Amino acid sequence: MMRAYELMVIIDGDVDDPKAQSWVKTVTDGITAAGGSIHGRPDWWGKRQFAYPINRKETGYYLVVEALAPAGSLDELERTLRLADDVVRHKLIRLPDAEAERRGM
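Residues numbered from 1 in each chain as written. Predicted model: local features only at pLDDT ≥ 70, side-chain atom pairs only at ≥ 80, totals over all residues. Heavy atoms only, no water.

Trainee: Describe in detail unusual backbone geometry, supporting the description with residues and values.
Mentor: Residue Asn55 is not a glycine yet carries a positive backbone phi of 50 degrees. Within the secondary structure, Asn55 is located in the loop between strand 3 (43-54) and strand 4 (57-70). Residue Asn55 is classed as exposed on the basis of its relative accessible area, which comes to 57%. Look at Arg56: it is not a glycine, yet its phi comes out positive at around 60 degrees. If you trace the backbone, Arg56 turns up in the loop between strand 3 and strand 4. (Helix = DSSP H or I, 4+ residues; strand = E, 2+ residues; numbered from the N terminus. Buried < 20%, exposed > 50% of the residue type's maximum accessible area, 1.4 Å probe, protein only.)

Right under this line is the structure:
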């Protein structure tokens, strides 16, 4: 059964812009490799100031991706994000069915 997910990734602000944007491809490839599909386009917010320092960093690049994937298939992608040095934070949430339907997923 396909489930709707939303993934937000914050990449270290000290990384140069092209390398940070390469994470869009890494994340989308990870989702498709897991048998999922991207809903819409990845939302690249660019470099933003943090509300408070995270790991002594003041800025980061934000990326939001909506995806449809089988249950439990994104575990490997989450592991990759957890181990990556460039990723400051990430959050993967399963969207409730009503919200997924509202978004047309």
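Anyway, onward from the coordinates.
Trainee: Outline the nonpolar core, supporting the account with residue identities and numerical values.
Mentor: A general feature of soluble globular proteins is that nonpolar side chains tend to end up buried together. In terms of nonpolar packing, the biggest core is built from 20 residues, with Val9, Ile11, Val27, Ile31 and Leu81 touching the most fellow members. Those elements giving two or more residues to this core turn out to be strand 1 (2-12), helix 1 (17-33), strand 4 and helix 2 (75-83). Counting five residues, the second largest nonpolar core, distinct from the first, contains Ile10, Phe50, Tyr62 and Val88. (Core = buried A, V, L, I, M, F, W, Y, C linked by side-chain atoms within 4.5 Å.)

Trainee: Tell me about the side chain of Thr28, residues and numbers included.
Mentor: Examined against the element boundaries, Thr28 turns out to sit in helix 1. Polar contacts involving the side chain of Thr28 include one to the main-chain carbonyl oxygen of Lys25, which spans 3.1 Å. Aside from chain neighbours lying at most four places away, what touches Thr28 is Ile38 and Pro42. (Polar contact = N/O pair within 3.5 Å; in protein donor to acceptor, adjacent residues only side chain to side chain. Contact = heavy atoms within 4.5 Å.)

Trainee: Go over the pairing of strand 4, please, and point to the residues and values.
Mentor: In the sheet, strand 1 pairs with strand 4 via 11 bridges, with the strands oriented antiparallel. Residue Tyr5 lies in a different strand from strand 4, and its bridge partner there is Ala67. Examined bridge by bridge, strand 2 (residues 37-38) and strand 4 share two bridges and lie antiparallel to one another. Counterpart to Ile38 in the pairing with strand 4 is Ala67. Alignment of strand 3 against strand 4, held across seven bridges, turns out to be antiparallel. Its bridge partner lying in strand 4, Gln49 is registered against Thr59. From the end of strand 3 to the start of strand 4, which pair antiparallel, there are two residues, and Asn55 there has a positive phi angle of about 50 degrees. (Pairing = 2+ DSSP bridges.)

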